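Topology and contacts: notes
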Amino acid sequence: MNRDLQSLRRDYQFDDLTEEKAGSDPLALFDAWLSQAIEACPDDPTGMLLSTVDADNKPHCRTVLLKQRDASSFTFFTNYNSDKGQDIANNPNVSLTFFWAPLSRQVRIEGVAKKVSREVSEAYFATRPKGSQIAASVSRQSQVIASRDVLSTEFAELEKQYQDSDVPCPENWGGYAVEASTIEFWQGRPSRLHDRIVFTLDDQGTWQAVRKAP
């Protein structure tokens, strides 16, 4: 690569994050930040990096979409037999990372991932476009396939099969709700003097906040 990567930098000057602005409820703060991100970041504001650890303690990271934000949980949907599903089955401790560049903001969430009820998965599946439903039924996610044509052929077959009927939610497809135990809010600031406020859930179920150096 011929580009000078060291010269690529910018100063963050969007806002600050004081203890007063952060308040005492990190979930309320997250919802407020997400609402701003949806308005300011047109490209996948609900995209989040999901980090897992496999059976050999090797980390893996990929982008998924936040689809539900209920109580203290953050929910995404996927194929349970995928690599991420296998990782979670082995070790349910995961982390989620949101980065909203136009707002100079990042949120890191740590917690435990648990499968949502079948009813919740089926209800969400029913809201997806039909093409996405068929793709979820066709894809043996994370498995090696011979070619793209394999998927295209199976997709066309199911598209014809369900032309006039609903696509059933696959048994191996559904949601994971990540119950947060730690939430860190990062607000970019000039000269790299960023604001970092971290909320941790104590044994009594109360959020405790501290400020960390950038």
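Refer to the preceding data block for the structure.
Model, not experiment: these values are computed from the prediction.

1. Quick look at the pattern of salt bridges
Here the idea is simple: oppositely charged side chains can pair when their charged atoms come close. As enumerated under the stated definition, the model contains 13 salt bridges in all. Here Glu-122 and Arg-118 are joined by a salt bridge, their closest N and O atoms 3.5 Å apart. You can see Glu-122 and its partner Arg-118 sitting in helix H4 (residues 118–125), 4 residues apart, about one turn around the helix. For Glu-122, a relative accessible area of 38% gives the class partly exposed. Notably, a salt bridge pairs Glu-184 with Arg-196, separated by 3.1 Å at the nearest N-O pair. On the criterion of sequence distance, the pair formed by Glu-184 in strand E7 (residues 173–187) and Arg-196 in strand E8 (residues 195–201) is long-range, its members being 12 residues apart. Its relative accessible area of 19% is what places Arg-196 among the buried residues. By sharing partners, the salt bridges in this structure join Asp-15, Asp-16, Lys-21 and Arg-105 into a single network.

2. Regarding helix H2 (residues 26–40)
The first and last C-alpha atoms of H2 sit 21 Å apart over 15 residues, in line with the 21 Å expected at 1.5 Å per residue. Within the span of H2, buried status applies to Pro-26, Leu-27, Leu-29, Phe-30, Trp-33, Leu-34 and Ala-37. Down the axis, H2 shows its buried residues gathered within 150° of arc, on one side only. Here H2 starts with a cap whose side-chain oxygen sits 3.0 Å from the backbone nitrogen of Leu-27, and that cap is Asp-25.

3. Points about the packing of aromatic side chains
Aromatic ring pairs are described here by two measures, namely the spacing of the ring centres and the angle between the planes. This structure, assessed with the given rule, holds 12 aromatic pairs. Aromatic pair Phe-30 and Trp-100: ring centres 6.2 Å apart, planes at 45°, arrangement tilted. One end of the pair, Phe-30, is in helix H2; the other, Trp-100, is in strand E5 (residues 93–100), with 70 residues separating them in the sequence. Of the residues examined, Trp-100 reaches a relative accessible area of 2% and is grouped as buried. Pairwise contacts between aromatic rings join Phe-30, Phe-74, Phe-98 and Trp-100 into one cluster.

Quick notes on the rules
Along every chain, residues carry numbers that run from 1 in the direction the sequence is written. Owing to the predicted nature of the model, reporting of local features is limited to residues with pLDDT of at least 70; listing and counting of side-chain atom pairs is limited to 80 or more, with chain, interface and lining totals taken over all residues. By convention in this description, side-chain values take in all heavy atoms of the structure and omit both hydrogens and water. Whenever a carboxyl oxygen of Asp or Glu lies within 4 Å of a side-chain nitrogen of Lys or Arg, that contact is scored as a salt bridge. Numbered from the N terminus, helices here are DSSP runs of H or I no shorter than four residues, and strands are runs of E no shorter than two. Exposure classes here rest on a 1.4 Å probe applied to the protein chains alone. A residue is buried below 20% of its type maximum, exposed above 50%, and partly exposed in between. One fewer than the residue count of a helix, multiplied by 1.5 Å, yields its expected span. Taken from the helix axis, the directions to the C-beta atoms give the arc we talk about. Pairs of N or O atoms within 3.5 Å make up the polar contacts considered here, provided that, within protein, one atom can donate a hydrogen while the other can accept it, and that residues adjacent in sequence are counted only when both atoms are side-chain atoms. Classification of ring pairs uses Phe, Tyr and Trp, with its six-membered ring standing for Trp, and accepts pairs whose centres are within 6.5 Å; under 30 degrees between planes counts as stacked, over 60 as edge-to-face, and the remaining range as tilted.

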